[in-house]
Amino acid sequence: MSLRIARSVQEIRFQYCQKSPASSGLKSFVQSKHAAIKKASPRLPVLVRESSSIRPRIVARFDYGNERSVFVDNLDEAAIEKKLQELLAHAESLPKSDESQS
């Protein structure tokens, strides 16, 4: 897994239900890829939120409080990785703070 994480990405959140079959792909993805994501950007907060009866989704927070999320119901790990890369690529189209540009 090679992730390119822009400096304007301030946080990544993985939210899923512990018991829902629709969340099993995201749960598996987090268990196997969390360390690689942290290694790619050690200072980036990567949060895992388990809640009952919630649709599985990935949320990215960018500079200036911009957030974007993508639902990943019933997707396998490969499809979730692709969705995460697309979500993180969105950072390129957003305004960047002075801290992100230096």
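Structure first, text after, so check above.
Undergrad: So what's going on with the overall build of the protein chain? Residues and values would help.
TA: Assigned secondary structure in the protein chain consists of three helices and four strands. Going from N to C terminus, the protein chain has its helices and strands arranged as β-α-β-β-β-α-α. Counting only C-alpha atoms and orienting by the principal axes, one finds that the protein chain spans roughly 40 × 25 × 20 Å. For the protein chain, with 102 residues in total, the buried portion stands at 39%. For the protein chain, long-range pairs separated by at least 24 residues make up 72% of all intrachain contacts whose partners lie at least 6 apart in sequence. Of the charged side chains in the protein chain, 17 are positive and 12 negative; the average position of the first set lies 3 Å away from that of the second.

Undergrad: Summarise the pairing of strand E1 (residues 9-16); cite the residues concerned and give the values.
TA: Judged by how many residues are buried, E1 sits mostly within the fold: seven of eight residues are covered. Here six bridges tie E1 to strand E3 (residues 57-62), and the two strands are oriented antiparallel to one another. Paired with arginine 13 across the two strands is valine 59, which belongs to E3. Looking at chain direction, E1 and strand E2 (residues 46-50) are connected through five bridges and run parallel. The residue of E2 that forms the bridge with arginine 13 is leucine 47.

Undergrad: Explain unusual backbone geometry to me, using residue names and the numbers behind them.
TA: A positive phi angle, close to 60°, is found at serine 53, a residue other than glycine. Here serine 53 shows up in the loop between E2 and E3. With a relative accessible area of 73%, serine 53 lands in the exposed category. Residue tyrosine 64 is not a glycine yet carries a positive backbone phi of 60°.

Undergrad: Provide a residue-level description of the packing of aromatic side chains, including the pertinent values.
TA: Applying the stated criterion to the full structure yields one aromatic pair. Ring geometry for phenylalanine 14 and phenylalanine 29: centres 6.0 Å apart, planes at 55°, overall tilted. Placement of phenylalanine 14 in strand E1 and of phenylalanine 29 in helix H1 (residues 24-40) is noted, with a sequence separation of 15 residues between them.

Definitions and cut-offs
Residues numbered from 1 in each chain as written. Predicted model: local features only at pLDDT ≥ 70, side-chain atom pairs only at ≥ 80, totals over all residues. Heavy atoms only, no water. Helix = DSSP H or I, 4+ residues; strand = E, 2+ residues; numbered from the N terminus. Buried < 20%, exposed > 50% of the residue type's maximum accessible area, 1.4 Å probe, protein only. Contact = heavy atoms within 4.5 Å. Lys, Arg positive; Asp, Glu negative; His and termini not counted. Charge placed at Lys NZ, Arg CZ, Asp CG, Glu CD. Pairing = 2+ DSSP bridges. Phe/Tyr/Trp six-rings, centres within 6.5 Å; stacked < 30°, edge-to-face > 60°.

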